[in-house]
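The primary structure of each chain is shown beneath.
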Amino acid sequence: MDSLKIKNKGQARIFKNDQMESLTKTKPWIIYSIYIPVCSAMIYYGSKLPEFSLVFIAVLFLIAMISWTLFEYLAHRYLFHLNPGSQWGKRLVYIFHGNHHEFPRDTERLFMPPVPSILIGSIVFGIFAGISYLLTGTINYSFIFFPGFITGYLIYVSMHYAIHTFAPPKIFKGLWRNHHLHHYRYHDKGYGVSTPFWDIMFNTVPKNGKL
């Protein structure tokens, strides 16, 4: 990441093929239109299950949202900022995150595009369903945990979009500052976007950042 020259205008060209290139871009409303109905349907289904009370649904949903923030931190720190030795590995990291560090104001690549998003989302749901079945003998718990986790993701990606697009509201100035310090000064600090909590816990708050 450190070797990339930051360009505040323009957009990376990731694939030579125009059709493939178009699949790397999206708009926020497209992702909302995919996940909000899916998550709403899952929660509705879960609310009709006799073993789940509304209080239990709310608690499990909240736990899932909080678990997203830890996943966000760990993925950003150890996957998106991985320094692989192979050219293939470097190419993969660039596709997923390096292009964003090179062109941080490219608003068409601040949300995961629909095709990879649906594929990854399906895998994540499968993992949650598998864990639920192993622990409880049913996949029903994944119908609550997955929407909570994805809601955490939507909050994160919406915050990330806002940070790179709009001036900060007073209440969120610290988050804006931390993320801009991550981009423009300290690539090895400030991995949390939706919350600084895990940066505080793991001592990765940027110098001169805000808690």
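Here, every reference points to the structure presented above.
These numbers come from a predicted model, not from an experiment.

Asker: Describe in detail the nonpolar core, supporting the description with residues and values.
Answerer: Membership of the largest hydrophobic core comes to 34 residues, with the highest contact counts inside it found for Phe146 and Phe149. Sorting the residues of this core by element identifies α2 (28-47), α3 (54-78), α5 (114-136), α6 (142-165) and α7 (173-184) as the ones contributing at least two each. For this core, the element with the highest residue contribution is α6, accounting for 14 residues. Those residues within four positions of Phe146 in sequence are excluded, and the remaining contacts are Met42, Gly121, Val124, Phe125 and Phe128.

Asker: Hey, could you go over unusual backbone geometry for me, with residue numbers and the actual values?
Answerer: One non-glycine residue, Asn203, lies in the positive phi region at around 60°. Tracing the backbone shows Asn203 in the segment after α8 (197-201).

Asker: Describe the packing of α6 against α7, and please don't skip the residues or the numbers.
Answerer: Pairs of packed helices are described in terms of their axes, by the angle between the two and the distance that separates them. Across the interface, α6 lies against α7 with an axial gap of 10 Å and an inter-helix angle of 75°. By the angle between their directions, the pair α6 and α7 is classed as roughly perpendicular. Packed against α6, whose contacting residues are Met159, His160, Ala162, Ile163 and His164, the element α7 presents Leu175, Trp176, His179, His180 and His183 at the interface. Per-class residue counts for the contact of α6 with α7 are five nonpolar, five polar and no charged.

Asker: Kindly report on the packing of aromatic side chains, identifying the contributing residues and their values.
Answerer: Evaluation of the coordinates by the stated rule reveals 22 aromatic pairs. Here the aromatic rings of Tyr45 and Phe143 are separated by 5.0 Å at their centres, their planes lie at 65°, and the arrangement is edge-to-face. Taken together, the residues Tyr45 in helix α2 and Phe143 in helix α6 connect sequence positions 98 residues apart. On the basis of relative accessibility, which here comes to 16%, the residue Phe143 falls in the buried class. Taken together, Trp68, Phe71, Phe128, Phe145, Phe149, Tyr153 and Tyr156 form an aromatic cluster joined through their ring pairs. The lysine or arginine in question, Arg91, covers the ring of Phe15, its NZ or CZ lying 5.6 Å from the ring centre.

Asker: Can you explain a nonpolar patch on the surface? Please cite residues and give values.
Answerer: On the surface, a nonpolar cluster with roughly 780 Å² of combined accessible area is contributed by Met20, Leu23, Trp88, Leu92, Phe96, Val115, Leu119 and Ile120. For the nonpolar patch, the elements supplying multiple residues, two or more each, are α4 (87-102) and α5. Assignment of secondary structure puts Phe96 in helix α4. Accessibility expressed as a relative area gives 42% for Phe96, which makes it partly exposed.

Asker: Outline α4, supporting the account with residue identities and numerical values.
Answerer: A rise of 1.5 Å per residue sets the reference length of α4, with its 16 residues, at 22 Å; its end C-alpha atoms lie only 18 Å apart and thus fall more than 12% short of the reference. Its axis deflected by about 60° at Ile95, α4 carries its strongest bend there. For α4, the set of buried residues is Gly89, Val93, Tyr94, His97, Gly98, Asn99, His100, His101 and Glu102.

Asker: Hey, could you go over the environment of Leu82 for me, with residue numbers and the actual values?
Answerer: Locating Leu82 in the fold gives a position in the loop between α3 and α4. Accessibility expressed as a relative area gives 45% for Leu82, which makes it partly exposed. Along the sequence, Leu82 and Phe103 sit 21 residues apart, while their C-alpha atoms lie 18 Å from each other.

So, how was this worked out
- Residues numbered from 1 in each chain as written.
- Predicted model: local features only at pLDDT ≥ 70, side-chain atom pairs only at ≥ 80, totals over all residues.
- Heavy atoms only, no water.
- Core = buried A, V, L, I, M, F, W, Y, C linked by side-chain atoms within 4.5 Å.
- Buried < 20%, exposed > 50% of the residue type's maximum accessible area, 1.4 Å probe, protein only.
- Helix = DSSP H or I, 4+ residues; strand = E, 2+ residues; numbered from the N terminus.
- Contact = heavy atoms within 4.5 Å.
- Axes fitted to C-alpha atoms, helices over the stretch in contact; angles between N-to-C directions.
- Parallel < 35°, antiparallel > 145°, perpendicular 65-115°, else oblique.
- Nonpolar A, V, L, I, M, F, W, Y, C, P; charged D, E, K, R; others polar.
- Phe/Tyr/Trp six-rings, centres within 6.5 Å; stacked < 30°, edge-to-face > 60°.
- Lys NZ or Arg CZ within 6 Å of the ring centre and 35° of its normal.
- Patch = residues over 30% accessible without salt bridge, like charges linked within 9 Å, V, L, I, M, F, W, Y side chains within 5 Å.
- Areas by Shrake-Rupley, 256 points an atom, 1.4 Å probe, with all protein chains shown as cover.
- Salt bridge = Lys/Arg side-chain N within 4 Å of Asp/Glu carboxyl O.
- Expected span 1.5 Å × (residues − 1).
- Bend = angle between axes of the 7 residues up to and from the residue.

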